[in-house]
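Next come the chains, spelled out residue by residue.
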Amino acid sequence: MVSMNEFAKIALTYKGKEDMPLKHIDGPMGVRGRNSNSKLILEKLQWEPSIKIQEGLKKTIDWIEGEIERERKEGNKEDFSKSEVVKQVDDSLMTLGNEESTV
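These figures come from a predicted structure and were not determined experimentally.

A. The arrangement of the overall build of the chain in detail. In terms of regular secondary structure, the chain is built from four helices and zero strands. Listed by position from the N terminus, the elements making up the chain come as α-α-α-α. Looking at the chain as a whole, 7% of its 103 residues are labelled buried. A separation threshold of at least 6 residues defines the contact pool for the chain, and within that pool the share at least 24 residues apart is 66%. Accessible surface for the chain amounts to roughly 9,700 Å². Of this, 55% is attributable to carbon and sulfur atoms.

B. Just helix α3 (residues 53-73), in detail. When the terminal C-alpha atoms of α3 are compared, their 30 Å separation across 21 residues agrees well with the 30 Å that a helix rising 1.5 Å per residue should span. Burial in α3 covers these residues: G56, L57 and I61. For α3, the arc enclosing every buried residue in end-on projection is 140°, short of the 170-degree limit, so these residues lie on one face. Exposed positions of α3 whose direction lies more than 90 degrees from the buried face are K59, W63 and K73.

C. Region of interest: the pattern of salt bridges. A complete count under the given rule lists nine salt bridges for this structure. Put simply, E74 and R70 hold a salt bridge, and the shortest N to O gap is 3.2 Å. Given a relative accessible area of 34%, R70 falls into the partly exposed group. Note that K82 is salt-bridged to D79, the shortest N-O span being 3.8 Å.

D. Seen up close, the packing of helix α1 (residues 4-14) against α3. At a closest axis distance of 10 Å, the pairing of α1 and α3 adopts a crossing angle of 60°. Here α3 runs oblique to α1, going by the angle between their axes. Where α1 crosses over α3, the two elements pack in a sense that is right-handed. In contact with F7, I10, A11 and Y14 of α1, α3 contributes I53, Q54, E55, L57, K58 and I61. Taken together, the residues that form the contact of α1 with α3 break down as seven nonpolar, one polar and two charged.

What counts, and at which threshold
Residues numbered from 1 in each chain as written. Predicted model: local features only at pLDDT ≥ 70, side-chain atom pairs only at ≥ 80, totals over all residues. Heavy atoms only, no water. Helix = DSSP H or I, 4+ residues; strand = E, 2+ residues; numbered from the N terminus. Buried < 20%, exposed > 50% of the residue type's maximum accessible area, 1.4 Å probe, protein only. Contact = heavy atoms within 4.5 Å. Areas by Shrake-Rupley, 256 points an atom, 1.4 Å probe, with all protein chains shown as cover. Expected span 1.5 Å × (residues − 1). Arc of directions from axis to C-beta. Salt bridge = Lys/Arg side-chain N within 4 Å of Asp/Glu carboxyl O. Axes fitted to C-alpha atoms, helices over the stretch in contact; angles between N-to-C directions. Parallel < 35°, antiparallel > 145°, perpendicular 65-115°, else oblique. Left-handed = near helix turned anticlockwise from the far one by under 90°. Nonpolar A, V, L, I, M, F, W, Y, C, P; charged D, E, K, R; others polar.

Rendered as structure tokens:
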């Protein structure tokens with residue numbers, strides 16, 4: 001199982017920033033925590049990821065950096081280093097799964 005703090009530390013090592021302190025920001029809880037544990041899917045579906053989390057994260061980081069570079073070349077001056085915590089209210093969560101599929 002990998003916690004979000006461990007996941008962040010893995011990501012920081014790819015950019016040579018492993019000593020950077022992590023700052024917890026309160027946000028919506030959603031599911032009961034933010035951990036990855038694939039034992040249940042292995043047990044029920046006999047499936048497991050074909051690549052390690054570190055490799056997948058590295059591929060994702062490279063992809064994101066490529067997308068930001070593409071945006072910059074197209075003239076986008078947005079500050080991609082900033083993010084915003086969006087508050088989710090329970091009443092909108094209650095409707096999830098009740099909408100008709102458009103697929």
